[in-house]
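Residue-level listing of the chains:
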Amino acid sequence: MSEIALNLQEVLSSLPPHVRLVAVSKFHPAERLQEAYDAGQRIFGESRAQELCAKQEVLPTDIEWHFIGHLQPNKVKYIAPFVSLIHAVDSAKLLREIEKQAAKANRCIDCLLQLHVAAEETKFGFTPDECRALLAEGEWKKMPHVRICGLMCMATNTDDEERIRQDFRAAARLFEEIKEAYFADEPSFSIRSWGMSDDYPLATHEGSNMVRIGSRLFGIRG
Ligand SMILES: *Cc1c(COP(=O)(O)O)cnc(C)c1O
C-alpha cells in the first residue's frame, strides 16, 4: 500500500462518518493526487487557480474540485466551468464575480462564506458582523448562479486548544444563527468547513462536517 493510501486510511478512520474529507493537494504533483484517487479519494482542494486547472485537465473527470484558498476575482473565470465548491468567499465583490462567471458557464456554483474568527489580523474573511451585514443586505438573493451552502473558517494559529475551540464554536454558533434566519428551508445550507491537519479532531468535535487536510495526507512539500 502506498504511503498516501495509508495516510488516507488513517485519517478516514479517525473521522466521524458524516464528515467529508477534502484532500488538500496544493503544491503536490498530479501523480500524488492520482495515488490518493486510486485509494478512493474523490474530493480534492487546491488554492491556486492555475494549478487547479492544470490538474483538472490531466486527472479523472469524476473528481470533485474544491477551491479552498483566497480567490482573486480575476481568477474566477478559469475555474467557473468545473469547480464544485468555493470555500473562501470573503467579499461581496468576489460573490458578484462568481455569479457573473457561473452565468457565463451556465452553472450554479456552490460557495461557502469565509468567516474571520481567528485572532490574527492578516486572515481573510468576514467578521461575524460583516457576515450578518452581507446576508441582511440581500444582494445574494438576486444571484441565481450562486448557492451559499455554509460557512468556512480557519482557527487561530496557536497551540492553545482552548482558543482554537473558541474559534470553531463561534463559527458553529453563527452557522446556526444564519441557517435559522435565512436558510431554514434550504437543506443545501449544511456545510461547516473547518479543521486542518493539526486541528481537525477539535473541529469535528465542534460541529465541522467538512475537513480540509493536506500535510497529514501528502506530507510537507518544501
Ligand atoms: C493549506 C490549507 C489547508 C490544509 O492545511 P494542512 O495543515 O496541510 O492540513 C486547509 N485549508 C486551507 C484554506 C489551506 O490553505
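Details of the structure are given in the entry above.
Residues numbered from 1 in each chain as written. Predicted model: local features only at pLDDT ≥ 70, side-chain atom pairs only at ≥ 80, totals over all residues. Heavy atoms only, no water.

Caption draft 1: Representation of the site of the ligand within the structure. Every residue lining the ligand is accounted for by Val-24, Lys-26, Ile-68, Met-152, Met-196, Ser-197, Arg-212, Ile-213, Gly-214 and Ser-215. At a separation of 2.9 Å, a nitrogen atom of the ligand approaches a polar side-chain atom of Arg-212. Gly-214 has a polar backbone atom sitting 2.8 Å from an oxygen atom of the ligand. Of the residues that constitute the shell around the ligand, the class distribution is 5 nonpolar, 3 polar and 2 charged. (Near = heavy atom within 4 Å. Polar contact = N/O pair within 3.5 Å; in protein donor to acceptor, adjacent residues only side chain to side chain. Nonpolar A, V, L, I, M, F, W, Y, C, P; charged D, E, K, R; others polar.)

Caption draft 2: Molecular detail of the packing of aromatic side chains. Across all of its chains, the model carries 6 aromatic pairs by this definition. Of the aromatic side chains, those joined through ring pairs into one cluster are Trp-140, Phe-175, Tyr-182, Phe-183 and Phe-189. Lying across the ring of Tyr-37, Arg-42 places its NZ or CZ 3.5 Å from the centre. Sitting over the face of the ring of Phe-175, Arg-192 holds its NZ or CZ atom 4.9 Å from the ring centroid. (Phe/Tyr/Trp six-rings, centres within 6.5 Å; stacked < 30°, edge-to-face > 60°. Lys NZ or Arg CZ within 6 Å of the ring centre and 35° of its normal.)

Caption draft 3: Structural detail: the pattern of salt bridges. Counted according to the given criterion, the structure contains 11 salt bridges. For the salt bridge of Asp-110 with Arg-147, the shortest nitrogen-to-oxygen distance reads 2.9 Å. Placement of the pair is Asp-110 in strand S5 (residues 109–115) and Arg-147 in strand S6 (residues 146–153), with a sequence separation of 37 residues. Asp-110 sits in the buried class, given a relative accessible area of 17%. Salt-bridge contacts for Arg-165 lead to Glu-206; the nearest nitrogen and oxygen are separated by 3.0 Å. Within this pair, whereas Arg-165 is found in helix H7 (residues 161–182), its partner Glu-206 is found in the loop between helix H8 (200–205) and strand S8 (210–213), the two being separated by 41 residues in sequence. Connected via shared salt-bridge partners are Glu-162, Arg-165, Arg-169 and Glu-206. (Salt bridge = Lys/Arg side-chain N within 4 Å of Asp/Glu carboxyl O. Helix = DSSP H or I, 4+ residues; strand = E, 2+ residues; numbered from the N terminus. Buried < 20%, exposed > 50% of the residue type's maximum accessible area, 1.4 Å probe, protein only.)

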